[in-house]
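Structure at a glance
These are the residues of each chain, in order.
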Amino acid sequence: MLSEKMEEALNNQINAELQSFYDYLSMASYLQSIDLSGISHWMHMQAQEELGHAMKIYEFVHERNGRIVLQSLGKPGTDYQDVMAVFTAALNQEEAITRKINEIVDLAIQEADHATHTFMQWFVSEQVEEVASAHAIIQKLKLIGEAPGGLFLLDQELGKRGPEGDA
Ligand code: OFO
C-alpha cells in the first residue's frame, strides 16, 4: 500500500511526465513548421517516450492499489527563437524531471518503501540518458554554429531515431 504522501508524489510525477509529453509534442510541431522534419521526428519520438513514462507510473500506482487523480496540464511553448532554444528548453525540462525523480527516491528511502524504491531505479537510469541526449544535441548545435549544411546533416541524423533509440 502506498502512503498518502507517496501516492501524491507519484500522481504529481504522472502530471510532470504528461507535461513533458505535451511540451515535446509542441516542440516537434514548431520544428516541423521550420521544415526540420528529421529533428521534429526525433522530438516526436521523445514525446512518445514521455507518454510511456507517465503510463509506467500510472500502472504502478494501480498495482499498489493507489488512486490516480489526473491534473491539468500547462499550455506548452509554441514559439522558439531557434533549434538551440528548443533543446535548451528540453535540457532544462530534463534536469527538472531528474530533481523530481530524485525527490521520490528520497521519499521512498525515508518511508522504507522498497517497492517504490526499486521501481524508481529505472527512472533514475533513464534520466541520465535523457539529460545526456539533450546535452549531446546542444553540443552538436554549438559545433554547427552558422556552418552551412550543418543543420541539414543534423536533421538527417536525428530523423533516423527509432522508437526506443536516441539516434
Ligand atoms: Fe520522462 O523523462 Fe523526460 O521528461
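Structure first, text after, so check above.
What you are looking at is a predicted structure, and each value in this text was computed from that prediction instead of being measured.

Overall, the coordinates contain 3 salt bridges when judged by the stated rule. Residues E49 and R161 are paired through a salt bridge, measuring 3.0 Å at the closest nitrogen-oxygen approach. Of the two residues, E49 is situated in helix 2 (residues 37-63) and R161 in the segment after helix 5 (150-158); the sequence distance between them amounts to 112 residues. Taking relative accessible area as the criterion, R161 reaches 3% and is therefore assigned buried. Its salt-bridge partner being K140, residue E157 comes within 2.6 Å of it at the nearest N-O pair.

Moving on: the packing of helix 2 against helix 4 (residues 114-144). Two numbers describe how helix 2 lies on helix 4: the axes approach to 12 Å, and their chain directions differ by 170°. Here helix 2 is positioned roughly antiparallel relative to helix 4, judged by the angle of their axes. Here helix 2 contributes W42, Q46, E49, E50, H53, K56, I57 and F60 to the contact with helix 4, which in turn contributes A115, T116, F119, W122, F123, E126, E130, S133 and I137. Per-class residue counts for the contact of helix 2 with helix 4 are 8 nonpolar, 4 polar and 5 charged.

Ranked by internal contacts, the top residues of the largest apolar core, which has 24 residues, are L31, I39, M43, V86 and F87. Here this core takes 6 residues from helix 1 (residues 4-33), the largest share from any one element. Dropping the residues within four chain positions of it, V86 is found in contact with M27, Y30, L31, M43 and Y80. Counting residues in each nonpolar core, the second largest holds 21 residues, with M6, L10, L18 and V105 among its members.

Attention now moves to the layout of surface pockets. In this structure, the largest pocket occupies an estimated 220 Å³ of space. Looking at the largest pocket, the residues that line it are D82, V83, M84, L141, I144, G145, E146, A147, G149, G150 and L151. Elements with a contribution of two residues or more to the lining of the largest pocket: helix 3 (83-111), helix 4 and helix 5. Tallied by class, the residues present in the lining of the largest pocket amount to 6 nonpolar, 3 polar and 2 charged.

Next up on the list: helix 3. Each α-helix winds once per 3.6 residues, and so residues spaced three or four apart point in a common direction. Between its first and last C-alpha, helix 3 extends 42 Å over 29 residues, near the 42 Å set by a 1.5 Å rise per residue. With a side-chain oxygen lying 3.3 Å from the backbone nitrogen of M84, the N-terminal cap of helix 3 falls on D82. Looking one or two residues past helix 3, A112 carries a phi angle of roughly 55°, positive in sign.

One non-glycine residue with positive phi stands out, namely D35, at about 65°. Topologically, D35 is positioned in the loop between helix 1 and helix 2. Overall, the relative accessible area of 63% leaves D35 in the exposed class. Non-glycine residue N65 carries a positive phi angle of around 60°. Along the polypeptide, N65 turns up in the loop between helix 2 and helix 3. Owing to a relative accessible area of 60%, N65 belongs among the exposed residues under this scheme.

About the criteria used
- Residues numbered from 1 in each chain as written.
- Predicted model: local features only at pLDDT ≥ 70, side-chain atom pairs only at ≥ 80, totals over all residues.
- Heavy atoms only, no water.
- Salt bridge = Lys/Arg side-chain N within 4 Å of Asp/Glu carboxyl O.
- Helix = DSSP H or I, 4+ residues; strand = E, 2+ residues; numbered from the N terminus.
- Buried < 20%, exposed > 50% of the residue type's maximum accessible area, 1.4 Å probe, protein only.
- Axes fitted to C-alpha atoms, helices over the stretch in contact; angles between N-to-C directions.
- Parallel < 35°, antiparallel > 145°, perpendicular 65-115°, else oblique.
- Contact = heavy atoms within 4.5 Å.
- Nonpolar A, V, L, I, M, F, W, Y, C, P; charged D, E, K, R; others polar.
- Core = buried A, V, L, I, M, F, W, Y, C linked by side-chain atoms within 4.5 Å.
- 1 Å grid on protein atoms, 1.4 Å probe; cavity = no way out; pocket = protein on both sides within 12 Å on 5 of 7 lines; lining within 4 Å.
- Points joined across faces, edges and corners; volume = space filled by probe spheres on them.
- Expected span 1.5 Å × (residues − 1).
- Polar contact = N/O pair within 3.5 Å; in protein donor to acceptor, adjacent residues only side chain to side chain.

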